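Okay, here's what each chain looks like letter by letter:
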Amino acid sequence: MKFHKYHALGNDYIVMNPKEGVPSLSEDQIRRICHRNFGVGSDGILLGPLPAAEGVVGLRILNPDGSEAEKSGNGLRIFSRYLWDAGRVAEEPFAVDTPGGRVQARVHPGGRSVTVEMGKVSFDAADIPVRGVRGEVLNQNLKVAGEEVAYHAATIGNPHCVVVRDDISEAETRRLGPLLETHEAFPNRTNVQFLKVLDRANIRIEIWERGAGYTLASGSSSSACAAVARRLGLCDAEITVHSPGGELGITVGDDYQITMTGPVTRVAEGSIHPEMFEF
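A brief look at the structure comes next.

The rules we used
- Residues numbered from 1 in each chain as written.
- Predicted model: local features only at pLDDT ≥ 70, side-chain atom pairs only at ≥ 80, totals over all residues.
- Heavy atoms only, no water.
- Helix = DSSP H or I, 4+ residues; strand = E, 2+ residues; numbered from the N terminus.
- Polar contact = N/O pair within 3.5 Å; in protein donor to acceptor, adjacent residues only side chain to side chain.
- Phe/Tyr/Trp six-rings, centres within 6.5 Å; stacked < 30°, edge-to-face > 60°.
- Buried < 20%, exposed > 50% of the residue type's maximum accessible area, 1.4 Å probe, protein only.
- Pairing = 2+ DSSP bridges.

With that settled, the discussion passes to the side chain of Thr-190. On the secondary structure map, Thr-190 appears in the loop between helix H3 (170–181) and strand E12 (191–199). A distance of 3.4 Å separates the side chain of Thr-190 from the backbone nitrogen of Cys-161, its partner in a polar contact.

Now the structure itself:
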């Protein structure tokens, strides 16, 4: 089984191409591959390219807990870079199909930077989804760990719960993130972000990723947080998102269409030995 490893601001993924001897993976095998001690180690697996419509590339995104994500911004940039390295795409824009919708991607000269048109953010409870709320999920409250948490929810093909704070920390993200991820208000679970507005063009975030845990960076989380900040009137359209892993550039359109640009780094490639799966 061949693999190709990349990271995007410290958010690392393994690309596995079905045409390179990759069988159908069980949840146990996914967990083992992603394990930091017993496997290759990653924040997820990008399975592709997969069959799709003519001129479109298909992609599945597998989380370290064995579940499947609808969309991943960093994963899409990494997958785009892999396609570029493999000679499957050039510098012209191309389309990628994910379970969370079709996106347009473009690899910049040299391959180190990728732009993705992530799609349109919705704040509607039915789209996200969120139980017990109708219409836009803004300035709502949840009871978690004995305290009231004010939050905003959004989807860009996958669900996000955004908590705006004057101060944010890794410790609070690790404490409240898993409780919010699995809260009954979110029937499909949710990604969780803690957001601090720095000024009208900069925000800082901490991320608890659904199915992966505490994460250094996330493209879809950055997109959702930028959209929430603009929807609340706290930021303008051009926003730099600062996360523990680095910076992403986000443009929020008037209709909340998101354009994301950020780096990708090639890390390694190799083969997974069958012995690794001898549990």
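Moving on from the coordinates now.
What follows deals with the packing of aromatic side chains. Scanning the model with the defined rule gives three aromatic pairs in all. Residues Tyr-151 and Phe-186 carry aromatic rings whose centres are separated by 5.9 Å and whose planes lie at 75 degrees to one another, so their mutual orientation is edge-to-face. With Tyr-151 in strand E10 (residues 147–155) and Phe-186 in the loop between H3 and E12, the pair connects residues that are 35 residues apart, well separated along the chain. For Tyr-151, a relative accessible area of 1% puts it in the buried group. Since its relative accessible area comes to 3%, Phe-186 is described here as buried.

In terms of strand pairing, strand E6 (residues 94–98) meets strand E7 (residues 101–107) through five bridges, oriented antiparallel. The residue bridging Thr-98 from the neighbouring strand is Gly-101, located in E7. The hairpin formed by E6 and E7 contains two residues between the paired strands. Note that E7 and strand E8 (residues 113–120) share four bridges and pair antiparallel. Across the sheet, Gln-104 pairs through a bridge with Glu-117, a residue of E8. The hairpin formed by E7 and E8 contains five residues between the paired strands, and Gly-110 there has a positive phi angle of roughly 95 degrees.

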